Amino acid sequence: MTLSNAPLTAEKPAPWWTLLAIAVFFIIPPAISYIPAPYSPLMRLLSYALPILVIGLLGVSIYFGIKSGLPRWSLVYVGTILGGIGIYGFASIVGLFFGMAIKRWMDFVLPQQNLFTGILLNGFNHFIFWFSIAIAVLAFVVILRGTDRGRKAGERIQRDWTNISFLFYGALLIIFFIDFDEYQHEGWYVIGCLAALTAGAWAYLRIPHPGRRVLALLAGVTVCMAIMSVGKYYLVPLQDWPIFSATHTTEDERWFESLRTIATWFWAIVAVGLPGLLQTYRNKSVIPSSG
């Protein structure tokens, strides 16, 4: 897949109803699972049915998205599926065949186990995640261009790489929930993070200029990661993880969990920002001044 040299021009903002499509995707399903309802059978039922609801929502949205030519709003849904394929497919294969070799190499490079090496190791893991997601995204675009129904959408994605940025933005949701897994009392922090991602996606769809669209996504990622970092710092002492011991105190763990978000943020910024900003720069589509 080559980078198109066709000039990027301002696009018509997405219609207002796409806000509902984005809100349904980012906010509503996770919010259901965090509603405190110990005596509400309906809320418990909705919480148990959440995985089926999310999978069904993704499937229906992708079906109608492809049928209608994959409009930009639908790409965030597709990106989440590709994120799952990348992490639980390609990254798992890498771990299966090269996991032990990678561990030995990391132990040699980072023999001292401390906060700094822990953050570096987290960054290395996220590099593997995003590299695997990039393979899934590339394969998706190639397959899309090879089908009669998807060829036009594939050409549009290849022509405007801000669409690739939006695919990666959807994939970030998988990484976010992996990083926030096994926490207790995290509900409001998770909803705050998802609200930031929703705002970034909504701004992306409404802003006509390609460079500013990508900056909106980067702002959403940054605010989300900042909320997650602060949340982890305050949440770690409330957890009952068995890792708390003489060698890993609560204070050590809360700083590690909070600061390792820096590595998560760095690779997310690279993955989401690089495709769109690279093509914006190549086409000399510099963010215009207001003057």
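The rules behind the values
- Residues numbered from 1 in each chain as written.
- Predicted model: local features only at pLDDT ≥ 70, side-chain atom pairs only at ≥ 80, totals over all residues.
- Heavy atoms only, no water.
- pLDDT = per-residue confidence, 0-100.
- Helix = DSSP H or I, 4+ residues; strand = E, 2+ residues; numbered from the N terminus.
- Contact = heavy atoms within 4.5 Å.
- Core = buried A, V, L, I, M, F, W, Y, C linked by side-chain atoms within 4.5 Å.
- Buried < 20%, exposed > 50% of the residue type's maximum accessible area, 1.4 Å probe, protein only.
- Phe/Tyr/Trp six-rings, centres within 6.5 Å; stacked < 30°, edge-to-face > 60°.
- Lys NZ or Arg CZ within 6 Å of the ring centre and 35° of its normal.

Caption draft 1: Expanded view of the confidence of the model for the protein chain. Mean pLDDT over the protein chain: 77, with 69% of residues reaching 70 or higher. By mean pLDDT, helix H3 (residues 41–48) is the weakest element of the protein chain at 53, and helix H10 (residues 210–235) is the strongest at 93. Between residues 285–291, whose pLDDT stays under 50, and residues either more than four places distant or in other chains, the model counts 11 contacts.

Caption draft 2: Representation of the nonpolar core in the model. Counting residues in hydrophobic clusters, the biggest one holds 60 residues, and the most contacted among them are Phe26, Trp130, Phe166, Tyr169 and Phe176. For this core, the secondary structure elements donating two or more residues are helix H1 (18–26), helix H5 (75–109), helix H6 (115–145), helix H7 (151–159), helix H8 (162–179), helix H9 (187–206), H10 and helix H12 (261–282). Broken down by element, this core gets its largest block of residues, 11 residues, from H8. Residues in contact with phenylalanine 176, not counting those within four places in the same chain, are Val190, Cys193, Leu194, Cys224, Met225 and Met228.

Caption draft 3: Molecular detail of the packing of aromatic side chains. A complete count under the given rule lists 12 aromatic pairs for this structure. A centroid spacing of 5.3 Å and a plane angle of 55° characterise the contact between phenylalanine 127 and tryptophan 267, whose relative ring orientation is tilted. Taken together, the residues span a long stretch of sequence, with phenylalanine 127 in helix H6 and tryptophan 267 in helix H12 at a distance of 140 residues. Relative accessible area serves as the criterion here: at 34%, phenylalanine 127 is assigned to the partly exposed category. Classification of tryptophan 267 by relative accessible area gives partly exposed; the value is 23%. Ring plane angle 75° and centroid distance 5.0 Å describe the contact between phenylalanine 266 and tryptophan 267, whose orientation is recorded as edge-to-face. Phenylalanine 266 gets classed as partly exposed once you look at its relative accessible area, which sits at 42%. Through pairs of rings, three or more aromatic residues link up here, namely Phe127, Phe131, Phe266 and Trp267. In this arrangement the basic side chain of arginine 72 is found over the ring face of tyrosine 204, its NZ or CZ atom lying 5.4 Å from the centre.

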